[in-house]
Amino acid sequence: MLPSSPDASLDEFAVFGGSPQFLDALHVGRPNVGDRRRFIERIEQMLDNRWFSNGGPFVREFERRVSEVAGARHAIALCNATVGLEIVTRALGLSGEVIVPAFTFVATAHALQWQQITPVFCDIDPRTHLIDPARVESLITPRTTGVLGVHLWGAGCDVDALSEIARRRGLRLLFDASHAFGCTFQGRPIGSFGDAEVFSFHATKFVNSLEGGAIVTNDDELARKIRLMKNFGFESFDAVTYVGTNGKMTEAAAAMGITSIESMDDIIATNRRNHQRYARGLQGVPGIRVLPYDERERLNYQYVVLEVDPVESGLHRDQLQRVLWFERVLARRYFYPGVHRMEPYRSHFPHASLLLPQTERLCSRILSLPTGTAVDEASIDVVCALIRTAIGRAAALSQRLGHPATPLPGPPYDSTSSR
Ligand code: T4K
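Quantities reported herein were computed from a predicted structural model and do not represent experimental measurements.

Caption draft 1: Examining the packing of aromatic side chains more closely. Taken as a whole, this structure holds 15 aromatic pairs when the rule is applied. On the numbers, 6.3 Å between centres and 80° between planes, the contact of F103 with F335 is edge-to-face. Of the two residues, F103 sits in the loop between β3 (97–101) and α4 (107–113) while F335 sits in the loop between β15 (329–330) and α12 (345–348), which places them 232 residues apart along the sequence. Given the relative accessible area of 1%, F103 is considered buried. Of the aromatic side chains, those joined through ring pairs into one cluster are F103, F105, W153, Y303, Y334 and F335. The side chain of R400 reaches across the aromatic face of F16, ending 4.0 Å from its centre.

The structure is reproduced here in structure tokens:
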């Protein structure tokens with residue numbers, strides 16, 4: 001263990017040449033595997049079926065299970081959530097401008113921009129990290145056709161306030177629910193809000209289908225359109241009635257998705273335990289806040305999110321991340337630097353940051369820690385001790401690290417490495 005006494009040498013830290021605390025890197029977003037035997041049985045079944053894509057039995061079963069969890073009448077399985085966002089915005093006829101948070105994964109905005117719709121960035125509530133409904137209204141212009149909220153970290157946006165604005169101003173309301181499968185907002189399942197919601201089942205999500213996504217909606221006509229659009233617009237053999245794309249989920253992906261849903265409760269229990277262990281382990285560390293979850297809701301706890309206050313802790317988030325990476329704890333700065341600072345948005349809106357003070361502030365403080373079934377409790381204790389020790393020695397560390405502009409270590413620190 002690293003020496004915590006104020007005059008011990010800093011050379012024990014791996015960033016200054018000491019041995020890393022972990023042999024194998026700890027990742028954020030390591031996939032949960034579920035029941036391996038059941039997955040392989042399903043793959044055997046798929047091979048026997050000789051039905052690999054285009055709405056086979058596993059995709060249909062996956063859709064049924066997703067709609068049950070989401071409390072929505074329709075679930076349409078897709079190859080990923082990004083294509084899901086593209087299809088649903090198109091199916092709803094959105095154009096012009098759509099209001100969206102900048103504190104999100106870049107796919108939320110790209111899905112709009114990809115179809116020549118301008119994302120208009122809205123600031124967030126610093127307490128929840130979610131789109132701030134109080135700011136939405138001032139961003140509405142005659143070109144605005146919709147609002148796209150993001151249920152970041154699985155916590156529900158203020159759905160009621162957003163619905164009221166959308167209804168009063170005649171806008172469509174959509175949710176990027178990529179993080180929020182299995183979660184509720186005020187006791188109601190996420191998946192049943194707005195015109196439609198989109199889940200991601202990417203490998204890094206707590207329930208995964210290798211790659212995958214789903215659009216859920218209670219609107220029968222919208223669901224019908226989406227089903228056409230994700231299959232080239234085919235109404236029946238040889239009859240194309242719509243412009244479409246190929247957004248289909250494969251049977252292998254659906255087999256993984258079903259297997260993953262079967263293990264969902266166990267995964268959530270592990271995530272929750274991990275979150276609590278981090279929160280306990282980091283309690284009282286100056287300037288370090290573990291983002292709490294609202295225990296009144298059903299949640300999936302798939303992200304452990306830290307806010308690092310540089311003044312109170314004495315370390316900048318980037319300095320702490322550097323210390324952790326060298327110890328092979330690959331903490332991630334989700335969602336630095338904010339979508340408004342990525343291209344093409346950075347060039348389109350060079351002054352966007354002036355309108356996004358909370359997003360800006362958070363982007364410089366945020367750090368996601370490894371969790372999920374691949375991370376054991378002993379490892380969490382080591383990560384907490386590491387952070388506690390680093391903050392305890394913040395002044396000396398900060399001075400010696402300087403401003404960490406050099407890139408973090410690359411491939412030798414990837415998942416497959418061990419020394
Ligand atoms: N909206 C939101 C709010 C989202 O967060 C996302 C996706 C989307 C929309 C779009 O959903 P999809 O179209 O992907 O369905 C990762 C994921 O690729 C991305 O899906 C996810 N959000 C985002 C939060 O995280 P990166 O660029 O950080 O990926 P990468 O390659 O750095 O991997 C993340 C970590 O996971 C690494 O530490 C390695 C580990 N990993 C990854 C994979 C794929 C593994 O250990 N095994 C694996 O198989 O985006």
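Caption draft 2: Representation of the domain arrangement of the chain. For the chain, the domain assignment lists domain 1 (10–32 + 264–331 + 370–401) and domain 2 (36–262). Centre-to-centre separation of domain 1 and domain 2, based on C-alpha positions: 30 Å. Domain 1 puts 18 residues into the contact, and the matching count from domain 2 is 26 residues. Here domain 1 and domain 2 share an interface that buries about 1,900 Å² over both sides, 52% of which is from carbon and sulfur atoms. The largest per-residue losses of area from domain 1 upon contact with domain 2 belong to M264, R298 and Y303, which jointly make up 34% of the total buried on that side. Counting across the interface, domain 1 meets domain 2 through 0 salt bridges. In this assembly, domain 1 and domain 2 are joined by 15 residue pairs in polar contact (both at pLDDT 80 or more). For the side of domain 1 that touches domain 2, the secondary structure elements donating two or more residues are α9 (264–281) and β14 (304–308). A per-element tally of the side of domain 1 that touches domain 2 places α9 first, with 4 residues.

Caption draft 3: Region of interest: the site of the ligand. The immediate surroundings of the ligand are formed by 26 residues, with R30, T82, D176, H179 and Y334 found nearest. One of the side-chain nitrogen or oxygen atoms of H202 is found 3.3 Å away from an oxygen atom of the ligand. Sorting the residues of the shell around the ligand by element identifies α3 (81–91) and α4 as the ones contributing at least two each. Formed jointly, the shell around the ligand draws a minimum of three residues from each of two domains, domain 1 (10–32 + 264–331 + 370–401) and domain 2 (36–262).

Caption draft 4: Spotlight on helix α14 (residues 377–392). Between its first and last C-alpha atoms α14 spans 22 Å; for 16 residues at 1.5 Å apiece the expected length is 22 Å, and the two agree. Regarding α14, the residues found buried are S379, I380, V382, V383, C384, L386, I387, T389, A390 and I391.

Caption draft 5: The packing of helix α11 (residues 317–326) against α14, seen in detail. Two elements in contact, α11 and α14, have axes separated by 11 Å at closest approach and are oriented at 135°. In this view, α11 runs oblique relative to α14, as classed from their interaxial angle. In this structure, α11 crosses over α14, and the sense of that crossing is right-handed. In this structure, α11 uses L320, V323 and L324 to contact α14, whose residues at the interface are L386, I387 and A390. Class assignment for the residues of the contact of α11 with α14 results in 6 nonpolar, no polar and no charged.

Caption draft 6: Spotlight on the sheet that holds strand β6 (residues 172–176). Strands sit in the order β2-β10-β9-β6-β5-β3-β4 across an open sheet of 7 strands; the sheet is mixed. What marks the edges here is a single partner per strand, and that holds for β2 (74–78) and β4 (118–122). Strand after strand, the sheet turns through a mean of 25° between neighbouring axes, direction not considered. Pairing analysis gives 5 bridges linking strand β5 (residues 144–150) to β6, with the strands arranged parallel.

Caption draft 7: Representation of the pairing of strand β10 (residues 213–217) in the model. For β10, the tally of buried residues reaches 5 of 5 residues, placing the bulk of the element in the interior. What you see with β10 is no split at all: G213, I215 and T217 on one side and A214 and V216 on the other are buried throughout. Note: β2 against β10, 5 bridges, orientation antiparallel. Each bridged residue has a counterpart across the sheet, and for H74 the counterpart in β10 is T217. Here strand β9 (residues 196–200) pairs with β10 via 4 bridges, running antiparallel. Paired with F199 across the strands is A214, a residue of β10.

Caption draft 8: Broad picture of the sheet that holds strand β16 (residues 366–369). Within the open sheet, the 3 strands sit side by side as β13-β14-β16. Their pairing is antiparallel. One side of each edge strand has no neighbouring strand; the edge strands of this open sheet are β13 (288–290) and β16. Adjacent strand axes in the sheet meet at a mean angle of 30° when their direction is disregarded. Strand contacts of α9: β13, β14 and β16, with the helix running at about 160° to β13, the strand carrying the most contacts.

Caption draft 9: Structural context of a nonpolar patch on the surface. Among the surface-exposed residues, F232, F234 and V240 lie close enough to one another that they form a single nonpolar patch of about 260 Å² accessible area. Relative to the assigned elements, F232 resides in the loop between α7 (220–229) and β11 (234–236). By relative accessible area, F232 is classed as partly exposed at 37%.

Caption draft 10: Looking closely at the pattern of salt bridges. For the structure on display, the rule yields 30 salt bridges. Measuring nitrogen to oxygen at the nearest pair gives 2.7 Å for the salt bridge that ties E137 to R168. Of the two residues, E137 is situated in the loop between α5 (133–136) and β5 and R168 in helix α6 (residues 159–169); the sequence distance between them amounts to 31 residues. Between E137 and R169 there is a salt bridge; the shortest N-O distance is 3.1 Å. Residue E137 is located in the loop between α5 and β5, and its partner R169 is located in helix α6; the two are separated by 32 residues in the primary sequence. E137 gets classed as partly exposed once you look at its relative accessible area, which sits at 26%. Each of the salt bridges in this network shares a partner with another, and the network as a whole consists of E137, E164, R167, R168 and R169.

Parameters and conventions
- Residues numbered from 1 in each chain as written.
- Predicted model: local features only at pLDDT ≥ 70, side-chain atom pairs only at ≥ 80, totals over all residues.
- Heavy atoms only, no water.
- Phe/Tyr/Trp six-rings, centres within 6.5 Å; stacked < 30°, edge-to-face > 60°.
- Helix = DSSP H or I, 4+ residues; strand = E, 2+ residues; numbered from the N terminus.
- Buried < 20%, exposed > 50% of the residue type's maximum accessible area, 1.4 Å probe, protein only.
- Lys NZ or Arg CZ within 6 Å of the ring centre and 35° of its normal.
- Domains from an automatic or database assignment.
- Contact = heavy atoms within 4.5 Å.
- Buried area = accessible area lost by both parts, 1.4 Å probe.
- Salt bridge = Lys/Arg side-chain N within 4 Å of Asp/Glu carboxyl O.
- Polar contact = N/O pair within 3.5 Å; in protein donor to acceptor, adjacent residues only side chain to side chain.
- Near = heavy atom within 4 Å.
- Expected span 1.5 Å × (residues − 1).
- Axes fitted to C-alpha atoms, helices over the stretch in contact; angles between N-to-C directions.
- Parallel < 35°, antiparallel > 145°, perpendicular 65-115°, else oblique.
- Left-handed = near helix turned anticlockwise from the far one by under 90°.
- Nonpolar A, V, L, I, M, F, W, Y, C, P; charged D, E, K, R; others polar.
- Pairing = 2+ DSSP bridges.
- Patch = residues over 30% accessible without salt bridge, like charges linked within 9 Å, V, L, I, M, F, W, Y side chains within 5 Å.
- Areas by Shrake-Rupley, 256 points an atom, 1.4 Å probe, with all protein chains shown as cover.

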